[in-house]
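# Remarks on the overall topology
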Amino acid sequence: MQDREGHYKFEEAFIKYSDMVTRISILNLRNSADAKDCFQNVFIKLYQYQNTFESEEHLKAWLIRVTINECKNFQKLFYKRTMDIDDVIVCQHQEQLILLPSVLKLPRKYKNVLYLHYYEGYKTFEIAEMLNMNENTVKSHLKRGRELLKKEVGDCYE
């Protein structure tokens, strides 16, 4: 996805990561209009980014951080809004789709960590690095988030 000088190819990054940026935006904003604005801002920032990425994983982590920060900026400007998540989110696994509305109800500190771990497949040390958190804090948020989720949906899901 990078050229000889180490620069990413914007179009390929856009195609590969647009679903992920959309899901993170919706997860945090719960409003499709704001999520679309956030999505657009994230990819404008990527287009304008002048530095090189060390790897594909570095690009993905950068996009996640920028998306979460952009969502926080939107939330500073607007009050809470709701949306019909079933019209927007598409997951590869039915269990993830069923659980996603319950994950969205969790406090932000838990839903971001749960989402990155279970939906994007990141390990705790990677999440800690992305979110500028201590790894033990990430583990604690995962544990507490799972406990809250279990109270919400019961024991029917692992």
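Scroll up a little and you will see the structure.
Worth saying up front: this structure is predicted, and the values here are computed from it rather than measured. (Residues numbered from 1 in each chain as written. Predicted model: local features only at pLDDT ≥ 70, side-chain atom pairs only at ≥ 80, totals over all residues. Heavy atoms only, no water.)

## Things to note about the overall build of the chain
Looking only at helices and strands, one finds seven helices and zero strands in the chain. Taken from the N to the C terminus, the helices and strands of the chain come in the order α-α-α-α-α-α-α. Counting all 158 residues of the chain, 41% fall into the buried class. For the chain, the share of sequence-separated contacts (at least 6 apart) that also reach a separation of at least 24 residues comes to 68%. For the chain, the exposed area adds up to about 9700 Å²; of that, 48% sits on carbon and sulfur atoms. (Helix = DSSP H or I, 4+ residues; strand = E, 2+ residues; numbered from the N terminus. Buried < 20%, exposed > 50% of the residue type's maximum accessible area, 1.4 Å probe, protein only. Contact = heavy atoms within 4.5 Å. Areas by Shrake-Rupley, 256 points an atom, 1.4 Å probe, with all protein chains shown as cover.)

## So, the packing of aromatic side chains
Tallied over the entire structure, the rule returns 10 aromatic pairs. With a centroid separation of 5.7 Å and an interplanar angle of 70°, the aromatic rings of Phe14 and Phe39 are classed as edge-to-face. Here Phe39 lies in helix α2 (residues 32–48) and Phe14 lies in helix α1 (residues 10–29), a separation of 25 residues in the sequence. Given the relative accessible area of 31%, Phe14 is considered partly exposed. Note on Phe39: relative accessible area 17%, which makes it buried. (Phe/Tyr/Trp six-rings, centres within 6.5 Å; stacked < 30°, edge-to-face > 60°.)

## Focus on the packing of α1 against α2
Interhelical geometry of α1 versus α2 gives an angle of 145° and a closest axis separation of 9 Å. In terms of crossing hand, the pair formed by α1 and α2 is right-handed. Here Phe10, Ala13, Phe14, Tyr17, Ser18, Val21, Thr22, Ser25, Ile26 and Leu29 of α1 lie close against α2, whose contacting residues are Asp34, Ala35, Cys38, Phe39, Val42, Phe43, Leu46 and Tyr47. For the contact of α1 with α2, the per-class residue count stands at 14 nonpolar, three polar and one charged. (Axes fitted to C-alpha atoms, helices over the stretch in contact; angles between N-to-C directions. Left-handed = near helix turned anticlockwise from the far one by under 90°. Nonpolar A, V, L, I, M, F, W, Y, C, P; charged D, E, K, R; others polar.)

## Focus: α1
The terminal C-alpha atoms of α1, which comprises 20 residues, lie only 25 Å apart, well short of the 28 Å expected from a rise of 1.5 Å per residue. Every buried residue of α1 is accounted for by Phe10, Ala13, Tyr17, Ser18, Met20, Val21, Ile24, Ser25, Ile26, Leu27, Asn28 and Leu29. In the segment just after α1, Arg30 is the residue with positive phi, at about 55°. (Expected span 1.5 Å × (residues − 1).)

Spatial relationships are all this shows, so hold off on functional conclusions.
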